[in-house]
Amino acid sequence: MIWFYPLNELEISGYEAFAVVWLSPVLCGIPGFLTLIRNRWCLGLLRLVTVGCLASFQAPSTLSRLVILAVGAGVSSLVVAATLFSPCQRIRCQTYWSLMLGLFSFLASRVWFVSFVPTWWTSETNSVVITLGIVANLDHIFAGDDKVEALTEPKGSRAERPRWYLAGLGFGSLLFLTHWCFGEVSLITRWVVRGYPDHGPLPDLWGAPVLVSLLVGVSVSEMHPLTLSPLWTLLGTAALCILYYLPTWQGYAGGLLLAVYTLSVWPRMVNQVSACPPGRTLALANLVYIVQVLFLVWTVAYNFVPGGEYTREHTDWLIAAVMASILLGLRSGGHVGSDFTVFTKVKGFSVPTGLHRALLFLAVLGGLLGYGYRHEVRRYPGPPQKANPREFTAGIWTYHFGYDNKGWPSLERSAWLLNNTGADFITLLESDASKPFLGNNDLGMWLGQRLGMYVDFGPSTKDHTWGNLILSKYPIIKSTHHLLPSPHGELAPAITARVNISGQAVDFVVTHMGNDRDVLDRELQAKFLAQELKNSPNPAVFLGYVTSAPGSRDYNHLIQVGGVKDIDKTDRHRWCEYIMYKGLIRLGYARISHGGLSDTEVQLGHFEIPRDRDSYQDNTRLTTDPSKVDAARRFNPVFGKFHVGHGYFDHHGFHMNTPKYFLP
C-alpha cells in the first residue's frame, strides 16, 4: 500500500512515512509498557486488533485502507515483541513454531490461489480469514496460553547477552531474504527464466520442489553443528549467487539450496534475538528490513528517485549486505550461542511436538496437492476455431502490475477485459509483480491459466525492469529476451518471439522503451528494435511502448529501418503505445479505454496472413461502419460502437475514433 502512492503519482508522495509503524517496538523502552502488553488480556486484545485490521481490504478508500493496514502492522510488531522475546521459554518456543506453521500455511494457500494471497483476494476470502483468526484468538485467550507461569528462564547478565545491534541486523536481513525469495514458492523460477524453447523451470510445477526444500530446511535446523558453522552461511551465500547469476536449471538448483539454508538458520537467529532487549532489537530488525526493501525498489526505480544513480542495478550489493548481516547476526555472541531453545524438552512441555511436525507436513502436502490440481487444469485448449484460420488479433496494454488505479487487485476484471478483446496474442507491459513491494504475485501464471494461453515472461525479475509479459493462444516456437541499451535511464525490456499461427510462423517484437527524457536511450533502443524487425524473415508485428509522438525520430526510424507500417498513420493522438506490422494484411484497429484498471488503454490490431507473400495487396480503404465488414472480422460489440475522441468513462469502451476497419 505504501508503494502504491509513488507508483501512481510517479513521485515521492509523503505516504511513505507510514513505514514508521514498523518501528512500534521502540515503545517497549517505556518503563512498564512491556509488562503491560505481556498481560494475557492486553496481549489478547492486541492479537484481535491485528486480525481486525485485515479488514482494511474492505475499507472504502485507498487512504483509509492504508491507515488501517498500518495500525495492524504496528500492533503485530508489538505482539512479536511481547511473545518472541518473552521471559517464558514455553511462549518463545510456541511463538516460533506458530510462525513456522503460519509461513507454510501461507505458502500452501498461495499455491491454490495461483500465487495470490487469499486474504487480499476478495471481500469473501478476506472475511473468511478474519473469522478464522478471531475464533483462533478467542480460543487462545480463554485457554490462557499467554499466561507467564513460573517456568521462566533467566536471560543472564547484560554482558552474557548477544550484541543486540548485530542480532537485530541479522534478524531483519533474514526476514527480508525469506520474503524476497520465498514469499511465494514459484518466485525463483522467474529469477532464472530465459526465452523459448530453453526457458527453464516453469512456475506452474517447479514451485513444488521449493516448498519441499523449505521443509527440508526446517529439518536441517535441528542439525546444530551444521547450522552453527560459518561454512554453512558461506554455502548459503554461494547458493544465492548461483540463483542470481546463473540461468535456468543451474540457477534453480541454487535456489533450492538457498531454500534449505534460509529456513535452517531461523531457529539459531531467533535464539540470538530473543535474548536481547525486545524494543531496540526488533525495531532495528524492522528498520533493516524496510531499508533493504527500499534498496530493492531503488535498484529498479533509479531513474525516478534521489541517489538512484548509485543504486542502479546493484542487487549484487544487496546480496552482499544481506548475507553478511545474517552471518553477523548468527555470530552475535552471548551465552545462548548453542542453546537452541526453540527445540526444547522440559518437564510439562516439549517443542516441537508431534502435532507441530504433523501440521507442517500437512501444510506442505496441501501445497503439493494444489500443484497437482493446477497441473490438471493447466491444459491448453488448442488454436482458436476461426472461419479464416489465417486471421489473428494482437494487443498491447500497460498493465499496472495487476492493481487498479485505487490500489485494489484487478485480476478478474482484467481477465474479463482481455478475454473479450478476442486477442490471440497480447503483450502486457509493467507486469512484473513478483517483487516483494508488488506482492510477490505471478501475473503470467495466473492469467495464463485463467485465459488458457501460453506465457512468455521476460526478461527475468532479477534484471531490473518493470516487466514484459506475452500471452499467446498459439504455441511459441522460440523467443529471445532483451535488455535494451539504456546508458542513462531505466532498463527497457523487450522480447522477440516467433509464434506458430495455423502453420505459419509470425514474429512479434514487443517492448517498453525508456522514459521520454532519456533521449540517447530511446535512440539506441529504436535502432536495436528496428534491426530486430528488419532481420525478421517472417511476417512481423511490433507492439511497443515508444514514448514518442507519431512522426518523431524514433517512430520514423522504426518504420524506415525496420521496414514496417503503422497500422493507422492518421492516428496522431498517440504517445506511448504503437502497433506496426510487415508482411501482413491489416483488417482492423481499436483502442479500448482502461476503465480505471490502469493508466493506459488497450490497443488491438486485427491482421490476416497472406497466402502469397510475394504478391498480395494490403487493405487501404477505411470504414467505421461495421455493417460493411464481415461479422467474423468485427471487434466485440461489448465495448460499444465507434466513439469520437477520448472516452472519459469508468468502463471499457471503444474511443479515440475507433474501431476502424480496413477494406481491399
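Heads up: these notes are all about the structure in this document. (Residues numbered from 1 in each chain as written. Predicted model: local features only at pLDDT ≥ 70, side-chain atom pairs only at ≥ 80, totals over all residues. Heavy atoms only, no water.)

1. Some words on the overall build of the protein chain
Argument step 1. Assigned secondary structure in the protein chain consists of 22 helices and 16 strands.
Argument step 2. Taking the principal axes of the C-alpha coordinates as reference, the protein chain spans close to 90 × 45 × 45 Å.
Argument step 3. Scored against the burial criterion, the 664 residues of the protein chain give a buried share of 58%.
Argument step 4. Residue pairs at least 24 apart in sequence account for 75% of intrachain contacts in the protein chain once pairs closer than 6 positions are excluded.
Argument step 5. Of the accessible surface of the protein chain, which amounts to about 26,100 Å², a share of 62% is contributed by carbon and sulfur atoms. (Helix = DSSP H or I, 4+ residues; strand = E, 2+ residues; numbered from the N terminus. Buried < 20%, exposed > 50% of the residue type's maximum accessible area, 1.4 Å probe, protein only. Contact = heavy atoms within 4.5 Å. Areas by Shrake-Rupley, 256 points an atom, 1.4 Å probe, with all protein chains shown as cover.)

2. Some thoughts on the sheet that holds strand β10 (residues 540-545)
Argument step 1. Pairing within the open sheet is mixed, and its 6 strands lie in the order β7-β8-β9-β10-β12-β11. A strand with exactly one partner marks an edge of an open sheet, and here the two such strands are β7 (476-484) and β11 (565-566).
Argument step 2. Alignment of β11 against strand β12 (residues 577-582), held across 2 bridges, turns out to be antiparallel. Paired with Lys565 across the bridge in β12 is Tyr581.
Argument step 3. Contacting β7, β8 (492-501), β9 (504-512), β10 and β12, helix α21 (residues 519-534) crosses the sheet at an angle of about 160 degrees to β7.
Argument step 4. Running over the sheet, helix α22 (residues 553-562) touches β10, β11 and β12 and is turned about 10 degrees from β12. (Pairing = 2+ DSSP bridges. Axes fitted to C-alpha atoms, helices over the stretch in contact; angles between N-to-C directions.)

3. Quick notes on the pattern of salt bridges
Argument step 1. Summed over the entire model, instances satisfying the criterion amount to 21 salt bridges.
Argument step 2. Between Arg591 and Glu601 there is a salt bridge, and its shortest N-O distance comes to 2.6 Å. With Arg591 in strand β13 (residues 585-592) and Glu601 in the loop between β13 and β14 (602-608), this pair connects stretches of sequence that are 10 residues apart.
Argument step 3. Given a relative accessible area of 5%, Arg591 falls into the buried group.
Argument step 4. With a relative accessible area of 9%, Glu601 lands in the buried category.
Argument step 5. Within this structure, Arg522, Glu523, Lys527, Arg553 and Asp554 form a network of salt bridges that share partners. (Salt bridge = Lys/Arg side-chain N within 4 Å of Asp/Glu carboxyl O.)

4. Observations concerning a nonpolar patch on the surface
Argument step 1. Residues Trp112, Leu355, Leu359, Phe361, Leu362, Leu365, Leu369 and Tyr373 make up a contiguous nonpolar surface patch of roughly 820 Å² in combined accessible area.
Argument step 2. Take the nonpolar patch: its biggest share by element is 7 residues, from helix α18 (residues 354-377). (Patch = residues over 30% accessible without salt bridge, like charges linked within 9 Å, V, L, I, M, F, W, Y side chains within 5 Å.)

5. Some details on the packing of aromatic side chains
Argument step 1. Inspection of the entire model under this criterion finds 35 aromatic pairs.
Argument step 2. Ring centres of Tyr244 and Tyr245 lie 4.8 Å apart, and the angle between their planes is 85 degrees; this geometry places the pair in the edge-to-face category.
Argument step 3. Centre to centre, the rings of Trp397 and Tyr399 are 5.2 Å apart; their planes meet at 80 degrees, and the pair counts as edge-to-face. Here Trp397 matches Tyr399 in class, with each residue buried.
Argument step 4. Put simply, the rings of Trp22, Phe176, Trp180, Trp191 and Tyr289 touch in pairs and so form one group of aromatic residues.
Argument step 5. Positioned above the aromatic ring of Trp408, the side-chain terminus of Arg65 is 4.7 Å from the ring centre. (Phe/Tyr/Trp six-rings, centres within 6.5 Å; stacked < 30°, edge-to-face > 60°. Lys NZ or Arg CZ within 6 Å of the ring centre and 35° of its normal.)

6. Quick look at the sheet that holds strand β3 (residues 391-398)
Argument step 1. Ordered by their spatial adjacency, 8 strands build an open sheet running β5-β6-β4-β3-β14-β13-β16-β15, and the pairing between neighbours is mixed. Unpaired on one side and paired on the other, β5 (454-457) and β15 (621-623) mark the two borders of the sheet. Averaged over all neighbouring strand pairs, the angle between strand axes comes to 15 degrees, with direction disregarded.
Argument step 2. Judged from the 5 bridges that link them, β3 and strand β4 (residues 425-429) form a sheet pairing that is parallel.

7. Remarks on helix α12 (residues 230-245)
Argument step 1. With 16 residues, α12 extends 22 Å from end C-alpha to end C-alpha; this agrees with the ideal 22 Å at 1.5 Å per step.
Argument step 2. Of all the residues in α12, the buried ones are Trp232, Thr233, Gly236, Ala239, Leu240, Leu243 and Tyr244. Projected down its long axis, α12 carries its buried residues within an arc of 135 degrees, all on one side. Exposed side chains of α12 directed beyond 90 degrees from the buried face belong to Leu231, Leu234 and Tyr245.
Argument step 3. Summarising the contacts, the buried residues of α12 are in contact with α7 (164-182), α8 (187-191), α10 (208-220), α11 (224-228), α13 (248-264) and α17 (315-330).
Argument step 4. For α12, the side-chain oxygen to backbone nitrogen distance between the N-cap and Leu231 is 3.1 Å, and the N-cap itself is Ser229. (Expected span 1.5 Å × (residues − 1). Arc of directions from axis to C-beta. Polar contact = N/O pair within 3.5 Å; in protein donor to acceptor, adjacent residues only side chain to side chain.)

8. Concerning the nonpolar core
Argument step 1. Core analysis: the biggest nonpolar cluster contains 126 residues, and Phe104 and Leu447 have the highest contact counts within it.
Argument step 2. The leading source of residues in this core is helix α15 (residues 278-301), at 11 residues.
Argument step 3. Core analysis: the next-biggest nonpolar cluster, separate from the first, contains 28 residues, Tyr196, Ala394, Leu543 and Ile579 among them. (Core = buried A, V, L, I, M, F, W, Y, C linked by side-chain atoms within 4.5 Å.)

9. Let's talk about the packing of α15 against α17
Argument step 1. Between α15 and α17, the shortest axis-to-axis distance is 9 Å and the interhelical angle comes to 165 degrees. Here α15 is positioned roughly antiparallel relative to α17, judged by the angle of their axes. Viewed along their axes, α15 and α17 form a crossing whose handedness is left-handed. Of α17, the residues touching α15 (which contributes Gln292, Phe295, Leu296 and Thr299) are Thr315, Trp317, Leu318 and Val322.
Argument step 2. Of the residues belonging to the contact of α15 with α17, the class tally is 5 nonpolar, 3 polar and no charged. (Parallel < 35°, antiparallel > 145°, perpendicular 65-115°, else oblique. Left-handed = near helix turned anticlockwise from the far one by under 90°. Nonpolar A, V, L, I, M, F, W, Y, C, P; charged D, E, K, R; others polar.)

10. Observations concerning the packing of helix α5 (residues 89-112) against helix α14 (residues 266-274)
Argument step 1. Close contact between α5 and α14 brings their axes to 12 Å; oriented N to C, the two are set at 140 degrees. Relative to α14, the element α5 is oriented oblique. Crossing of α5 against α14: the hand is right-handed. Of α14, the residues touching α5 (which contributes Arg92, Tyr96 and Met100) are Trp266, Pro267, Val270 and Ser274.

11. Some details on the environment of Leu263
Argument step 1. The topology assignment puts Leu263 in helix α13.
Argument step 2. Along the sequence, Leu263 and Met445 sit 182 residues apart, while their C-alpha atoms lie 26 Å from each other.
Argument step 3. Beyond its immediate chain neighbours, meaning those up to four positions away, Leu263 contacts Met100, Leu103, Phe104, Leu214, Gly217, Val218 and Ser221.

12. Here we look at the side chain of Thr658
Argument step 1. Mapped onto the elements of the fold, Thr658 is located in the loop between β15 and β16 (660-663).
Argument step 2. Leave out the neighbours within four places in its chain, and Thr658 touches Tyr589, Ala590, Arg591, Lys641, Phe642 and His643.

13. As for the environment of Gly334
Argument step 1. Note that Gly334 resides in the loop between α17 and β1 (344-346).
Argument step 2. Note on Gly334: relative accessible area 37%, which makes it partly exposed.
Argument step 3. Not counting residues up to four positions away in its chain, the partners in contact with Gly334 are Glu160, Arg161 and Pro162.

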